[in-house]
Structure formats: C-alpha cells, structure tokens
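Chain by chain, the residues run as shown.
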Amino acid sequence: MRNLARNCLGGLLLMLLSGVAMAGTGRILMVRSPQMFPETMITLQNTIRKFGYKISRVQRVDIGLTKSGYKTDRYRVVFFGKAGEVRKIANRYPQLAAYLPMKISLFAEGRETIVLAADPMMLTRVVDAQALRPILRRWSSDLQKILEIVRKSDD
Amino acid sequence: MKRLVLLGMLLFPLPLVAGNATGKVLYDQNCAVCHGYDGHGGVGVPLALPAFLSTVSNDFLFSTIRNGRPGRVMPAFRNLSDRQISAIVRYIRSWQPGSEPRDSAVTIRGDMIRGGKLFKKYCASCHGDRAQGSPGTGVTFSRPRNLPIMAPALNNSGFLKAASNAMLLRTITQGRKGTPMPSAASMGLKQKDIHDIIAWLRHFEKRHASRKQEKESPVIVQESSYDLKTTVNNVKQAARGKNFRIIRVQYLDQGLVEPGKEDRRKVIIYFCNFNLLNKALALDPRVGLFLPCRVTVIEHKGRVKVVSINPTMLSHLFNNEELDRMCKEMKQTYMEIIEEATL
C-alpha cells in the first residue's frame, strides 16, 4: 500500500513538473528537441543507456523510404529494453510481446526534432494485473524522464 | 509519516507554481511540441502568422485549446484551468501585440443551398467538398505535400464552436496572407456570397456527430494450428501475398542478450509496404510510433500464438480521422495475414 502511494505520488509529481506533452486523446508521450536530428539521436541513445536500458537496434525508416523512391527527412525508431524484464513479461503475458521491446520514434522537423513514445501504461488495457503495474509504471516514468532530458538538451 | 510530510511540502506549492506560471512556460510544455517554440508550426498549424493572429479573437484561441478539434489532430486540453489557458492565449497574442480584432455580433442571413454551391466552386479544392479539410497535419517539414499548410476542417464541431460569424466573415473577406487562402475579392466573391457560404458552413453544427472511440483491445491474438517454424514461414508468405516486403526476422530479445543466447521461441517478423508507409506518414508523421509492421510468433506452454498490435485502437491516440480510416484497413490486413498463417 505504501509502495502504491509512493508510485502514484511520484507519477503525479513527474507529470506536473515535466514538459512531456501527453498528446491526443490517449497516451502518447511527445517532446520537441531543440537539437537537430543527429545530435538528438546521440542525446537520446546516451540517455536511454544511462537509465540502464540496452538499445537492441535502430530502424532506419527514412532509408527504406528513400530506397523505394519516396522523399522524406530523417526518421528513425530506437528499440530498447532490459533483457530480463522483456523476457519475464513476454513469458508471463505473451500477448504483450506485440509491444516489446519498448521503442521511441524520432523525426526531423526543420532544425528541431520530434521525439515520441507510447506510454507503457497503455498496456494495462491488455493485461490489468497488479503484478504488472509496478514495472509498467516504472517504464512510463523512465520514458518521461528520458524525453524530458531530450527536450531540455542544449541546441 | 516524515515522507508524507515531505511529499505534502512538495505538492503544496504546486498549485501556486501552476497559477504563477507564465504563458510561455505553459505554452512550451503543452503546445510547442506540435506548434513549435516560436509558433512556426509542425504537426500543428502555424500560430505566429500575422494574418492568423489579426483575424482570430482570444475567445477563438481559448475555445480551440479547451475543446480541440475532434478527429483533426488538435487535442482538447481538459487538464488545463481557465486561468492557464488564458495565460497561453496572452502569450500567443504577445507575438503580435494589439493584433486581436474587435468582434461584434454578426447575424448571418444567407442562402445555405447557394452557399454550398459557392463553397464547392471556390473553396472545396483546398477545404474539401464537405469542408472536411485537407488530409495531413499542420505543416510538414519532413516530406513533400500538395499544400504548404493543412487547410482546416471547417465542418469540424470544435472549429464551428470556436469560430464566430465575425471571424468567418473577416477571414473569408481578407484571406490569410502567407497561406494559400485568398481574399474574397480576389475570387470575385461579394458580401452576399460570403454570407451564403457561412450559412452553409453553420449547417454542419446541427449535423455533426460526436467521434466515438471503439472499445477494442490494443492487441490481436490468434492461436496457430502449426508449429513455431511453420507459423513463422506462413506469416512471411502471407505478408508477401499482401504486397509487404519482409524487412527483418529476429528473436524478441535479439540485441538485448549476447548473440546465441536469445529465446528462440519468440520470433518477430517485420514487414513493410513502403507505399502504404509513405501514405500513412503523410497523414500523420507521428504514426511511425507503431511502425514498422510486425507480427510476433510465440511458443508458450506448448502452444503457438501469433500476436500483433491493433492499429484501429492505436489510431485513436492520434485524434486523426484520416488515419482512423487507414488503420481500419490495416487491422483487416493484419487479421487476414494472421488468419492465413495460423489456420
């Protein structure tokens, strides 16, 4: 009970104090980085690692599009997670595997970069198990902190 | 107890912080991600255009922030207080001080049927036959498109609620310099014509249905009649049959664990149709959040399951009706691929 209260208050504080926008009608976490795309990508990857996650790969969406003849500015998707957590959740709740590992998308918008992610708390709509909530809450909190660092990165 | 006191001390000043926060802080936190720090636009329309600020009232901006544009990307900010929204409006107005037009009540006595015909002739090429607006988001820096700025949906309930007759009259009369919107005079429209067009636009207020969010699961799950290896091959074949290119097949934890130590009972098949992807990104650049397309095959407790995201449910996150339609088709495609691979 104490842990639950602490988590709830922690989340509330984070939401009130951070500049991470909750866009749309649901839970998209979204920020605008004042840095250009390459610098934002470096900041993002370094920040993800600082939070203890491993980057499993980067999907170069723009490369696939341009190779197919379409024009686009830079657009990438960064996949990351902690092996133990990903395995544990996929074993216990296989239906959640569709959303694992976590990912953050980023795309160039002029001299700035838009960075966004789906809030992992959205997955409580798939499985609303008490045992799952603490980890999803931590992922959500980490994502918001990561995005806030990217938002405040120097240009 | 000490922790509770500490938390109380931390939380207590928050309303004061929020109350004293400048419009700039609130704008940066809530609006800049889409509209840009200086209002130059992005996923959202540009707000700093002098021709925009000189035609819209503070009430229009307030109502737009509060109610948003259902189905047209701009969300409703129900979480902000009236005071906070007013602070944001003052900040936006500070980009061009004294620009707020003086609105007086304008009664429209127009011929709705004639207005509809005029709209189709003069306005529909940008705003659409039913005034549904052009597809896509505000302005797009990331890819080429037909219009430099998304033409607003004039039939949108949020727009019609925010826009006064005076504002509509002024905008059509003057046009919007810096956008493709011409003035009425340049199109040969007279005052009576403008009244007729506004009368036609107003009829959407009575007809607009609220946008319903379907209560769907965020995942599609199907058990397979085949073993893991066969199911993976079936998914690949089915995806190819739907004109998708297989771009990668990997284990779920690949890249997170040392090579060779992956859990080989969980396989992700990534696939893409770049034409479809390009269309989706043109409708909303944020859609990459749920790309590339993928299906995951899992062997769990002796059974093989195939799981994927549910695009229909996810499209609602973006508040973009154009995307809803595409995601509905995409859900059907996912289901057909999964069905073909498992049955």
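Rules of the game
Residues numbered from 1 in each chain as written. Chains lettered and ligands numbered in written order. Predicted model: local features only at pLDDT ≥ 70, side-chain atom pairs only at ≥ 80, totals over all residues. Heavy atoms only, no water. Helix = DSSP H or I, 4+ residues; strand = E, 2+ residues; numbered from the N terminus. Buried < 20%, exposed > 50% of the residue type's maximum accessible area, 1.4 Å probe, protein only. Contact = heavy atoms within 4.5 Å. Lys, Arg positive; Asp, Glu negative; His and termini not counted. Charge placed at Lys NZ, Arg CZ, Asp CG, Glu CD. Salt bridge = Lys/Arg side-chain N within 4 Å of Asp/Glu carboxyl O. Disulfide = S-S within 2.5 Å. Core = buried A, V, L, I, M, F, W, Y, C linked by side-chain atoms within 4.5 Å. Buried area = accessible area lost by both parts, 1.4 Å probe. Polar contact = N/O pair within 3.5 Å; in protein donor to acceptor, adjacent residues only side chain to side chain. Pairing = 2+ DSSP bridges. Axes fitted to C-alpha atoms, helices over the stretch in contact; angles between N-to-C directions. Parallel < 35°, antiparallel > 145°, perpendicular 65-115°, else oblique. Left-handed = near helix turned anticlockwise from the far one by under 90°. Nonpolar A, V, L, I, M, F, W, Y, C, P; charged D, E, K, R; others polar.

Draft legend 1. Main features of the overall build of chain B. Across its full length, chain B holds 17 helices and five strands. The dimensions of chain B, computed from C-alpha atoms along their principal axes, are 70 × 65 × 35 Å. In chain B, buried positions account for 55% of the 343 residues. Of the contacts formed within chain B by residues at least 6 apart in sequence, a portion of 69% connects residues at least 24 apart. For chain B, the centre of its 50 positive side-chain charges and the centre of its 28 negative side-chain charges are spaced 4 Å apart.

Draft legend 2. Local environment of the pattern of salt bridges. Applying the stated criterion to the full structure yields 23 salt bridges over all chains. A:K152 serves as the salt-bridge partner of A:E148, at 3.2 Å between the closest nitrogen and oxygen. Classification of A:E148 by relative accessible area gives buried; the value is 10%. One salt-bridge network, held together by shared partners, links B:R114, B:K192, B:D193 and B:D196.

Draft legend 3. Representation of the state of the cysteines in the model. Residues and elements named next belong to chain B. On inspection of all chains with the given rule, the structure shows zero disulfides over all chains. C34 takes part in no disulfide bond, and the closest cysteine sulfur to it belongs to C31, at a distance of 8.9 Å. The thiol sulfur of C123 is not disulfide-bonded, and the nearest other cysteine sulfur, from C126, lies at 9.0 Å. Given the relative accessible area of 14%, C123 is considered buried.

Draft legend 4. How the structure looks around unusual backbone geometry. Omega for the peptide link from A:L100 to A:P101 comes to -10°, which places this bond in the cis form. By the secondary structure assignment, A:P101 is in the loop between α4 (83–92) and β5 (102–109). A cis geometry characterises the amide bond from B:L291 onward to B:P292, with omega recorded as -5°. In this model, B:N243 sits at a positive phi of 70°, which is unusual for a non-glycine residue. Non-glycine residue B:N319 carries a positive phi angle of around 50°. Inspection of the secondary structure assignment puts B:N319 in the loop between α16 (311–315) and α17 (321–342). According to the relative accessible area criterion, B:N319 is buried, its value standing at 3%.

Draft legend 5. Local environment of the nonpolar core. If you look at the biggest cluster of nonpolar residues, it comprises 102 residues, and the most contacted ones within it are A:L44, A:I48, A:I104, A:L132 and B:F271. Take this core: its biggest share by element is eight residues, from α17(B). Once you skip the residues sitting within four places of it in the chain, A:I48 turns out to touch A:Y53, A:I55, A:V78, A:F80, A:I104 and A:I146. Core analysis: the next-biggest nonpolar cluster, separate from the first, contains 48 residues, B:L47, B:A124, B:L154 and B:F159 among them.

Draft legend 6. Examining the environment of B:L317 more closely. Structurally, the position occupied by B:L317 is in the loop between α16 and α17. Along the sequence, B:L317 and B:P75 sit 242 residues apart, while their C-alpha atoms lie 9.8 Å from each other.

Draft legend 7. Region of interest: the interface of chain A and chain B. The interface of chain A with chain B comprises 63 residues on the first partner and 72 residues on the second. Together chain A and chain B conceal approximately 5,500 Å² of surface at their shared face, both sides included; 64% is due to carbon and sulfur atoms. Three residues stand out in chain A for area buried against chain B, namely A:R32, A:R87 and A:R125, and they jointly supply 11% of the buried area on that side. Counting across the chain A and chain B interface gives one salt bridge. A:R87 serves as the salt-bridge partner of B:D253, at 2.6 Å between the closest nitrogen and oxygen. For the pair chain A and chain B, the interface holds 19 residue pairs in polar contact (both at pLDDT 80 or more). The leading source of residues in the side of chain A that touches chain B is helix α1 (residues 2–17) of chain A, at six residues.

Draft legend 8. Broad picture of the sheet that holds strand β3 (residues 266–272) of chain B. All names here are of chain B. The strand order across the open sheet built from five strands is β1-β5-β4-β3-β2, with neighbouring strands paired in antiparallel fashion. Both outer strands of the open sheet, β1 (219–223) and β2 (245–251), are each paired with one neighbouring strand and no more. Each strand of the sheet is rotated relative to its neighbour by a mean of 20°, with strand direction disregarded. Pairing between β3 and strand β4 (residues 293–300): six bridges, direction antiparallel. When the bridges of β4 are listed, K266 appears paired with I298. Lying over the sheet, helix α14 (residues 228–241) contacts β2, β3, β4 and β5 (303–309), oriented at roughly 165° with respect to β4.

Draft legend 9. Seen up close, the packing of α14(B) against α17(B). All names here are of chain B. In the contact formed by α14 and α17, the axes pass within 8 Å of each other and the chain directions differ by 140°. Accordingly, the angle class assigned to the pair α14 and α17 is oblique. The handedness of the crossing between α14 and α17 comes out as right-handed. Note on element contacts: α17 touches α14 through I337, E340, A341 and T342, opposite T231, N234, V235, A238 and A239. Residues of the contact of α14 with α17, tallied by class, amount to five nonpolar, three polar and one charged.

Draft legend 10. Broad picture of α4(A). Among all positions in α4(A), only A:A83, A:E85, A:V86, A:I89 and A:A90 are buried. Lining the buried residues of α4(A) we find β4 (75–81) and α5 (133–151) of chain A together with β3 of chain B.

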